Amino acid sequence: MSVRPTSVLRTVVLYVGLTAAAVVVLFPFFWMVVTAFKEPGQAFSAEILPSQPTLGNFRRVLSDFGFGRYFANSVIVATTAAVFATMFATCAGYVFAKKQFFMKDRLFTFLLISLMIPGMMYVVPQFAIINKLGWMNTYRAMIIPHLANVFGLFLMRQYMMTIPGELLDAARMDGAGEWQVFRKVMIPLSIPIIATLFLLTFQFHWNNFLWQLIVANVERLYTVPVGLAMFKSAHEELYTLKMAGSCISVLPIAVLFFFAQRYFIEGMTMGAVKE
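Residues numbered from 1 in each chain as written. Predicted model: local features only at pLDDT ≥ 70, side-chain atom pairs only at ≥ 80, totals over all residues. Heavy atoms only, no water.

Asks: How would you explain the overall build of the protein if you had to name every residue and give the values?
Replies: The number of helices and strands found in the protein is 13 helices and 0 strands. Scanning the protein from its N terminus toward the C terminus, one meets helices and strands in the order α-α-α-α-α-α-α-α-α-α-α-α-α. By the compact-globule yardstick of 19 Å for 275 residues, the protein is too spread out, its C-alpha radius of gyration being 24 Å. Dimensions of the protein, computed from C-alpha atoms along their principal axes, come out at roughly 75 × 70 × 35 Å. Counting all 275 residues of the protein, 36% fall into the buried class. For the protein, the computed accessible surface area is about 16,400 Å², with 70% contributed by carbon and sulfur atoms. (Helix = DSSP H or I, 4+ residues; strand = E, 2+ residues; numbered from the N terminus. Rg over C-alpha atoms; globule rule 2.2 N^0.38 Å. Buried < 20%, exposed > 50% of the residue type's maximum accessible area, 1.4 Å probe, protein only. Areas by Shrake-Rupley, 256 points an atom, 1.4 Å probe, with all protein chains shown as cover.)

Right, dumping it as structure tokens:
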């Protein structure tokens, strides 16, 4: 069977357009990486690839400008918040998906309505509470206010509703208690959405700038986004160092997505639809 010329032309145009779009999207990332390996003062040189690549920018950023401390703070905050927020959302999602209690649907609707409120509206009351508790300039202030994740609850509930209740009933008939049903049946079947939620939550806290700047205004508690902002204002001319810091800042997200992309894609495609 012959292929129509119009079909071939349409396919060629599609691939050319997608390739051009990919180049446009990836070029800033490419320029960031290349610039990070250039000598200081060569950021805007005519050569695209550095003739003498150097790791000196990374060493200076980590040792001379305290970026290693910022990186460690971000790891602590993002990992702790992602672990506990995912754990709380998993437990709550199981309850809303598989349990019956008074006004369950109305409470869930109320929680969904809260997603319509802009996040900036919470900043002032949260700051007032943190200040009243005396948590300013502590890890608690950077982590605890964002552990209640309504979007994560919604994501977990929608996914767990697709898991047949007969599997849970079979486990109960075999003598499994409620905690065993949750731990040995529900959690293993929900690994894709749990990994997805952990990745999304980790990314949110890793990139969170405003809240971390508000509650932690001492340099020893700066996270990566805050450190990059301060680095920019204090060393405006050192573009190669800023690009090295940016490369370090995107590394954890890239590594996490690389290892969890299978779960991420499966969780996003299955978790938002109820059959």
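There is more to say, and it comes next.
Asks: Give me the nonpolar core: which residues, what numbers.
Replies: Membership of the largest hydrophobic core comes to 22 residues, with the highest contact counts inside it found for A36, F58, V61, F67, F202, W206 and L241. For this core, the secondary structure elements donating two or more residues are α1 (5-36), α2 (56-63), α3 (67-98), α10 (191-207), α12 (224-234) and α13 (239-270). If you tally residues by element for this core, the top one is α13, at 6 residues. Residues in contact with F202, not counting those within four places in the same chain, are A78, T79, A82, P252, I253 and L256. (Core = buried A, V, L, I, M, F, W, Y, C linked by side-chain atoms within 4.5 Å. Contact = heavy atoms within 4.5 Å.)

Asks: Outline the side chain of H205, supporting the account with residue identities and numerical values.
Replies: With respect to the secondary-structure elements, H205 resides in helix α10. Apart from residues lying up to four places away in sequence, H205 is in contact with A78, A81, H146 and Q212.

Asks: Explain the packing of helix α4 (residues 104-114) against helix α7 (residues 150-160) to me, and be specific about the residues and the numbers.
Replies: The geometry of α4 relative to α7 is characterised by a closest axis approach of 9 Å and an angle of 130° between their N-to-C directions. In this view, α4 runs oblique relative to α7, as classed from their interaxial angle. Where α4 crosses over α7, the two elements pack in a sense that is left-handed. Residue-level contacts link F108, L111, L112 and S114 of α4 to V150, L153, F154 and R157 of α7. Broken down by class, the residue content of the contact of α4 with α7 amounts to 6 nonpolar, 1 polar and 1 charged. (Axes fitted to C-alpha atoms, helices over the stretch in contact; angles between N-to-C directions. Parallel < 35°, antiparallel > 145°, perpendicular 65-115°, else oblique. Left-handed = near helix turned anticlockwise from the far one by under 90°. Nonpolar A, V, L, I, M, F, W, Y, C, P; charged D, E, K, R; others polar.)

Asks: With reference to specific residues and values, describe the pattern of salt bridges.
Replies: Using the criterion set out here, one finds 3 salt bridges in the structure. The partner of K99 in a salt bridge is E178, and the shortest N-O contact between them spans 2.7 Å. In this pair, K99 is assigned in the loop between α3 and α4 and E178 in helix α9 (residues 178-189), connecting sequence segments 79 residues apart. Between E178 and R172 there is a salt bridge; the shortest N-O distance is 3.2 Å. Residue classification places R172 among the partly exposed positions, given a relative accessible area of 30%. Each of K99, D169, R172 and E178 takes part in salt bridges that share partners, so that together they form one network. (Salt bridge = Lys/Arg side-chain N within 4 Å of Asp/Glu carboxyl O.)

Asks: Please set out the confidence of the model for the protein residue by residue, giving values where relevant.
Replies: Reading predicted coordinates in detail is not appropriate for stretches of low pLDDT. Across the protein, the average pLDDT comes to 85, with 91% of residues at 70 or higher. Taken together, the stretch residues 271-275 has pLDDT below 50 and engages in 10 contacts with residues farther than four places along the chain or on a different chain. (pLDDT = per-residue confidence, 0-100.)

Asks: Go over the side chain of S249, please, and point to the residues and values.
Replies: Take S249: it is sitting in helix α13. Beyond its immediate sequence surroundings of up to four residues, S249 is in contact with W206, V224 and L228.

Asks: A description of a nonpolar patch on the surface should follow, citing residues and the corresponding values.
Replies: A cluster of nonpolar side chains, contributed by F27, F30, I48 and L49, occupies part of the molecular surface with about 430 Å² of accessible area. The exposed category is assigned to I48, whose relative accessible area is 56%. (Patch = residues over 30% accessible without salt bridge, like charges linked within 9 Å, V, L, I, M, F, W, Y side chains within 5 Å.)

Asks: Describe unusual backbone geometry, naming the residues involved and giving the relevant values.
Replies: Backbone geometry places M103, a non-glycine residue, at a positive phi of 60°. By the element assignment, M103 lies in the loop between α3 and α4.

Asks: Let's hear about the packing of aromatic side chains: which residues, and what values?
Replies: Overall, the coordinates contain 13 aromatic pairs when judged by the stated rule. Their ring planes at 50° and their centres at 5.8 Å tell us that Y70 and Y222 sit as a pair that is tilted. Within this pair, whereas Y70 is found in helix α3, its partner Y222 is found in the loop between α11 (210-215) and α12, the two being separated by 152 residues in sequence. With a centroid separation of 5.6 Å and an interplanar angle of 45°, the aromatic rings of F96 and F108 are classed as tilted. Remark: F108 occurs in helix α4 and F96 occurs in helix α3; sequence separation between them is 12 residues. (Phe/Tyr/Trp six-rings, centres within 6.5 Å; stacked < 30°, edge-to-face > 60°.)

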